[in-house]
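# Fold and contact review
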Amino acid sequence: MAAQIRKISGKFQNSKGSFIGTVELDPKTGLILSIQKNKTLQSSNAEELAFDPDKFTIFSGFGDIHVHAREDESGKHKYKEDFLSAGNAAINGGVIHIADMPNNPIPPTDDITYSKKRELADHSPVRITLYAGIGPHTKPLKAHVPYKAFMGPSIGELFFYSNEQLEETIRHYKGCNISFHCEDPEILEKSQNETYHEDRRPAIAETLATDFALYLIEKYELVGKLCHYSTEEGLKKIIDARKRGVKVKCEVTPTHLYFDRTMLTDENRHWFQMNPPLRGPEDKEALLQGVKEGWIDFLATDHAPHSIEEKLKGTSGISQLDTYSLFVTWLHRTAGISLEKISEICAENPGDFVAEFLPKEYGKGFGKIEEGYCGSFTVLDFQTPTTFKKEDIKSKSGWSPFEGVTFPGSIGSVIHLGKKVR
């Protein structure tokens, strides 16, 4: 069993900048007790870790708020992933808390199904926040939880057939925290006979759905989030809405920042099939610019593990929890995203998102290097390249779109509530 760490020193990074110092942790709770700037430890031992500030950067632990861990009370999809394997994949990727989506065989759409899934999620080695599902005729839970609405068909049966049906349900959720998968169901229906997956789920399906999601967020005073954003035109709509005061945030996935449609071939297309699909290079560049300018709030993987056999048959979804932090090194070193912005979209904003849904033992929550917050850290080395291999995967899926990719940095350590877990 890992020893409880009492002190960590080195170069710490947040959205305002960096500082050299030592963080002291409560040995009973794993929460941050105090921060001493300009004071470092001279050497490491089991209870005190000293990271070379010239080599390592210490972030508050990263959070991925869009993951499909697959487990529910039915157990039907545990062969894809479960809460234990998802937690191990998260740690492997430098992530210390995740938020799990509700499109399960038995979706958590009421207090009973949600509670049963909550019990299963607590088996994970990292904290898992659970979204409740919104589907035709559902109502808000008594418990205070975040919600997810699939505007059109994706993976699972929890979706709407029309905007009218969606609004009839959403009107009951006034003021709630709702994340939207933006794809217009009528456009998907019209495009279903196109040859390629990217054309069966065209960009206009996302942009039209964005218009309607923004309308719902504004009309019903929702705390809104748009998931896995992929289009330049849609991002412009989000920016315009925020400028006029609409409470909406959005995510982007590593795959939509790294890959684009031009690299698809008949040989690799099935591996990169996802909802929404890869877009053009101009969309990818617009999303990267959106990250730099602060219009995109979360780096979230949409980790959707399926077996290799399922991928070969054309199942949509990308497995990528294992490479979260390695991708962050590319984001900084190659794409030019600042360390301040990385702290914001990978640690602080995810921490803020889940804070109101955490139990008391997590103190003030995740994402900040301040007294009372979790003593959980993602330590990165931006100087030592890493080639990611199939054998590095902890997800049950057993595959990754980043197999064979050499990233410009590596993971130095992962610490969760005062314990070194990697």
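On a predicted model such as this, the values are computed, not experimentally measured, just so you know. (Residues numbered from 1 in each chain as written. Predicted model: local features only at pLDDT ≥ 70, side-chain atom pairs only at ≥ 80, totals over all residues. Heavy atoms only, no water.)

## Details of the overall build of the protein
Scanning the protein for helices and strands turns up 12 helices and 19 strands. Whereas a compact globule of 422 residues would reach a radius of gyration of roughly 22 Å, the protein reaches 21 Å, a difference of no more than 12%. Taken along its principal axes, the extent of the C-alpha atoms in the protein is 65 × 45 × 45 Å. Burial status across the protein gives 61% buried among its 422 residues. Across the protein, the fraction of contacts at a sequence separation of at least 24, relative to all contacts at a separation of at least 6, is 73%. Each charge sign in the protein was given a centre, from 52 positive and 60 negative side chains, and these centres are 4 Å apart. (Helix = DSSP H or I, 4+ residues; strand = E, 2+ residues; numbered from the N terminus. Rg over C-alpha atoms; globule rule 2.2 N^0.38 Å. Buried < 20%, exposed > 50% of the residue type's maximum accessible area, 1.4 Å probe, protein only. Contact = heavy atoms within 4.5 Å. Lys, Arg positive; Asp, Glu negative; His and termini not counted. Charge placed at Lys NZ, Arg CZ, Asp CG, Glu CD.)

## Brief notes about unusual backbone geometry
Omega for the peptide link from N275 to P276 comes to 0°, which places this bond in the cis form. Even without being glycine, D302 reaches a positive phi, approximately 55°. Position of D302 among the secondary structure elements: in the loop between β14 (298-299) and α10 (308-312). A residue is classified by how much of its surface remains accessible, and D302, at 13% relative accessible area, is buried.

## Some remarks on the sheet that holds strand β10 (residues 147-150)
Ordered by their spatial adjacency, 6 strands build an open sheet running β9-β10-β11-β12-β13-β14, and the pairing between neighbours is parallel. Of all the strands in the sheet, the pair left with one neighbour each is β9 (132-134) and β14. (Pairing = 2+ DSSP bridges.)

## What to know about helix α7 (residues 232-243)
Structurally, the α-helix is built with 3.6 residues per turn, so residues lying three or four positions apart point the same way. Between the first and last C-alpha of α7 there are 17 Å, a value that for 12 residues agrees with the 16 Å anticipated at 1.5 Å per step. Buried within α7 are the following residues: G234, L235, I238, I239 and A241. Taken end-on, α7 shows its buried residues confined to a sector of 165°, consistent with a single buried face. Against the buried residues of α7 lie α6 (203-219), β12 (223-226), β13 (248-252) and α9 (281-293). (Expected span 1.5 Å × (residues − 1). Arc of directions from axis to C-beta.)

## Concerning the pattern of salt bridges
Counted by the stated rule, this structure contains 23 salt bridges. Salt-bridge contacts for R261 lead to D199; the nearest nitrogen and oxygen are separated by 3.0 Å. A residue pair is termed long-range when its members are at least 10 positions apart, and R261 in the loop between α8 (254-258) and α9 and D199 in helix α5 (residues 197-200) qualify at 62 residues. The exposure class of R261 is partly exposed, given its relative accessible area of 31%. For D199, a relative accessible area of 26% translates into the label partly exposed. (Salt bridge = Lys/Arg side-chain N within 4 Å of Asp/Glu carboxyl O.)

## Here's the deal with the packing of aromatic side chains
Across all of its chains, the model carries 22 aromatic pairs by this definition. With a centroid separation of 5.6 Å and 50° between ring planes, the pair formed by F402 and F407 is classed as tilted. Ring pairs connect the aromatic residues Y258, F259, F272, F327, W330, F402 and F407, which therefore count as one cluster. (Phe/Tyr/Trp six-rings, centres within 6.5 Å; stacked < 30°, edge-to-face > 60°.)

## Some thoughts on the environment of V414
For V414, the position within the fold is in strand β18 (residues 410-416). Classification of V414 by relative accessible area gives buried; the value is 0%. In the structure, V414 is positioned 412 residues away from A2 in sequence and 12 Å away in space, judged by C-alpha atoms. Setting aside residues no more than four positions away along its own chain, V414 makes contact with I91, G94, I96, F377, K419, K420, V421 and R422.

## Side note on the pairing of β18
With 6 of its 7 residues buried, β18 lies for the most part within the structure. Looking at chain direction, strand β15 (residues 377-381) and β18 are connected through 5 bridges and run antiparallel. By the bridge assignment, T378 is partnered in β18 with V414. Sheet topology places β18 next to strand β19 (residues 419-420); 2 bridges connect them, and they run antiparallel.

## Details of the nonpolar core
One finds F62, I178, F180, L226, L299 and L331 to be the most contacted residues of the largest nonpolar core, which totals 101 residues. Core analysis: the second largest hydrophobic core is formed by 16 residues, F19, V23, L25 and I415 among them. (Core = buried A, V, L, I, M, F, W, Y, C linked by side-chain atoms within 4.5 Å.)

## Thoughts on helix α3 (residues 163-170)
Along α3, the residues that are buried comprise N163, L166, E167, T169 and I170. Across the axial projection of α3, the buried residues extend over an arc of 160°, all falling on one side.

## Quick look at the sheet that holds strand β8 (residues 127-130)
Strands sit in the order β6-β7-β8 across an open sheet of 3 strands; the sheet is parallel. Bordering the open sheet on either side are β6 (62-67) and β8, each of which pairs with just one other strand. Here the strands of the sheet are splayed against their neighbours by 20° on average, with no regard to which way each runs. Across 4 bridges, strand β7 (residues 95-100) lies against β8 in parallel orientation. For A99, the partnering residue across the bridge sits in β8 and is T129. Lying on the sheet, helix α11 (residues 324-333) is in contact with β6 and β7; it crosses β6 at an angle near 110°. (Axes fitted to C-alpha atoms, helices over the stretch in contact; angles between N-to-C directions.)

## As for the side chain of E206
Within the secondary structure layout, E206 lies in helix α6. Owing to a relative accessible area of 1%, E206 belongs among the buried residues under this scheme. In terms of polar contacts, E206 uses its side chain to reach the backbone amide nitrogen of T231, at 3.0 Å. Those residues within four positions of E206 in sequence are excluded, and the remaining contacts are C182, H228, Y229, S230, T231, P276 and R279. (Polar contact = N/O pair within 3.5 Å; in protein donor to acceptor, adjacent residues only side chain to side chain.)

Taken by themselves, the reported measurements are silent on function.
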